Every structure is written in C-alpha cells, then in structure tokens.
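Structural features, examined
Chain by chain, the residues run as shown.
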Amino acid sequence: MAVSELNNLTTDLIPNRALGQNFLVSQRAISFIVESLQLCPDDLVLEIGPGTGNLTLPLVQKADFLVAVEIDRRFQPILQRKLANFLGPKVRLIWDDILNIDLLNIVLELGGQDKAIKIAANLPYYATTNIILKLLTELPSAKMLVLMVQREAVTRITADSGTKEYGPLAVMVSLYGNVKTIMKLPASAFEPQPPVESTLLKLTAAKASLLKDPISAQSFVSFLLYAFRGRRKQFLGRLRREGYVVKDSHQENELISYLEQSEIRRDFRVEELSPNQLFGLHNYLRQISCFPSD
Ligand code: SAM
C-alpha cells in the first residue's frame, strides 16, 4: 500500500521494508505515547524516524522543542507540509542515519544541557539494539525513553545475567534505570502490518544512574562489546592471552585481589556478572590501564 493511502496525502511513496517502515496508525497508541512522555515546558524531545509524521505532529503540539532524525528524504515534503506551522522555532529535522550522527553535540547545540531530554520512537526494528545502545551511550542523561519495539526484543532488553539473551543491551538498560512494558500492540496497529507483534516500552532514568557521563558511558559500552564477544570464555584467561594483563606480574596480583573484594571468581565468564559488577570491573581495568578497547 502506498503512503498516500495511509496518510491522505498526494504522494505515492512505497514503504521501504529494509528501513523498517511500518507506520503507526492506531490513534490510541499515538495518544498514549504522547501522554506517557509527560511533557513539560522545558523538555526537548528527540524523535527517531518520524516517517510521515504520524507521531511527530501530536508531539510537536505538546513539546517545547522537537528534533527528529530521519534517514529517508522521501518524507521531506510530507513532513514539511505537516509541520509547517512549527518548523524553525519549535522543530528541527535532521536528514541522516541516526547511527552516524553525533547526538550529544546536536542536543547541546540546541540548548539540551538546560532541558530534560525525552526520547520517542516507533523504532525501525532492524536497528533496535544499535539505536538503544547509541541513545544510552551518547545521551545517558536523558530523562526517559518511550520506544516501540518488536515483542521478541523485550527479552534481550530486560535479560538477567546468566541467560543467553544477556548482553551489552540488557546491561546498559539496567544501569540506565527502570524499564516497563506500557502497551502491547497487534500488527494491525501499523500500516503496512509487520510480520511481528509489538511492545511499547518506557525507560526511566534512575536517580543515581551510573551512566550519567557520556565519556565513561562510551568507554563502558566499548568494553561490553569487547567482553561479550567472548561471553563463554574465562575472561581473565582471555585478557592474558590477548596481552592485556601479564601473568605473575604485580598488576595481575592486584587484579586478583580486586576480584576477591568484588566477590567475583577468578575463572568468571562475563555473562555471569551483574551490570554493577561489569561497571566496576570496567572502571578498575581502566584505572590500571588494562582496558581492552583502548
Ligand atoms: N514514526 C513513524 C510512525 O510511527 O508512523 C515511522 C516509524 S517506522 C517504524 C521507522 C522510521 O525510522 C521510518 O520512517 C524509517 O525511514 C526511519 N529509519 C529507519 N532507519 C533509520 C536510521 N538508521 N536513522 C534514522 N531513521 C531511520
């Protein structure tokens, strides 16, 4: 079905499946997303993938300022027409790949340091993990995220240590704050209908989140990506084999006493460690300059 039929617009765009273009047509879900963001005058909203603007327009009507990042320029005429009354002072559209831009700089340029950042997206499902990792790494001080994801992704996002789904994504989400399912949606809430069911998640920053600083969040996520590439291997053995720590050195002895203090076995595998233990281990390895991703 062409986009014109979905949105009553004089265009005949064919949705691009490879870009996850399943437009949200349930008005109930759209209103619920806007309501869930609890928008206040000082909020800066970041929307990923505005598409034809189904969610963007109601967001702009409530938000003080909105920045939206869309990869597909075919939506430019539709969005400019829909948002004509708001462009400039209240809305900035960025035509780029969310995964390739410097989100922190963009938000700072827009005065984001004085605003509460709230993120909304009906995510393109093919890039769910990479987009959430990027958001939590570059904007760890965001106040909340309301994200539509494929139902199956929820297991990966909320996985506990020791399970096979546990990985960098679940660790980052857990350290960021709380995650809650706030709506379950059938395929019929979208056009064209995706071959999967969907879940709306609300992630809210913990008051004392360990991830507040983007530089250490960036370093931590690089560490996690390295560490989980060998999730089933004994991590200390791997650090030795790859030359990051030298057996029988002073450094190794210090590392072993750190593990003992943190109640981590010497033959641990990263998938067994809790998010807090992983964060502590990363900081320790950085401090003694045995940091694998440097
Ligand atoms: N927000 C619209 C809605 O709910 O109807 C569209 C949501 S659709 C599921 C996902 C949107 O993300 C599409 O507009 C798609 O073009 C856009 N998109 C896909 N990959 C992207 C990327 N890497 N960077 C920015 N936008 C992307």
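For the structure itself, look to the data block above.
This write-up is about the structure you can find in this document. (Residues numbered from 1 in each chain as written. Predicted model: local features only at pLDDT ≥ 70, side-chain atom pairs only at ≥ 80, totals over all residues. Heavy atoms only, no water.)

1. With respect to the overall build of the protein
- Within the protein one finds twelve helices and nine strands.
- Taken against the 2.2 N^0.38 rule, which gives 19 Å for 294 residues, the C-alpha radius of gyration of the protein at 21 Å falls within 12% of a compact globule.
- Along the first, second and third principal axes, the C-alpha set of the protein runs to 70 × 40 × 30 Å.
- Evaluated residue by residue, the protein yields a buried proportion of 52% over its 294 residues.
- The contacts in the protein between residues at least 6 apart in sequence include a share of 70% that link residues at least 24 apart.
- Counting only carbon and sulfur atoms, one obtains 48% of the accessible surface of the protein, whose full area is about 13600 Å². (Helix = DSSP H or I, 4+ residues; strand = E, 2+ residues; numbered from the N terminus. Rg over C-alpha atoms; globule rule 2.2 N^0.38 Å. Buried < 20%, exposed > 50% of the residue type's maximum accessible area, 1.4 Å probe, protein only. Contact = heavy atoms within 4.5 Å. Areas by Shrake-Rupley, 256 points an atom, 1.4 Å probe, with all protein chains shown as cover.)

2. As for the pattern of salt bridges
- Enumeration according to the criterion identifies 14 salt bridges in this entry.
- Sharing partners across several salt bridges, the network here consists of Arg 231, Arg 232 and Glu 271. (Salt bridge = Lys/Arg side-chain N within 4 Å of Asp/Glu carboxyl O.)

3. Some thoughts on the pairing of strand β2 (residues 43–48)
- When you tally the buried positions in β2, you get six out of six residues, the bulk of the element.
- Covered by surrounding structure in β2 are Asp 43, Val 45 and Glu 47 together with Leu 44, Leu 46 and Ile 48, the residues of both alternating faces.
- Note: β2 against strand β3 (residues 65–70), five bridges, orientation parallel. Within β3, the residue paired with Glu 47 across the bridge is Ala 68.
- After leaving β2, the chain enters helix α3 (residues 56–62) and then returns to the sheet as β3, a path that is right-handed. (Pairing = 2+ DSSP bridges. Right-handed = clockwise from strand over helix to strand, strands pointing away.)

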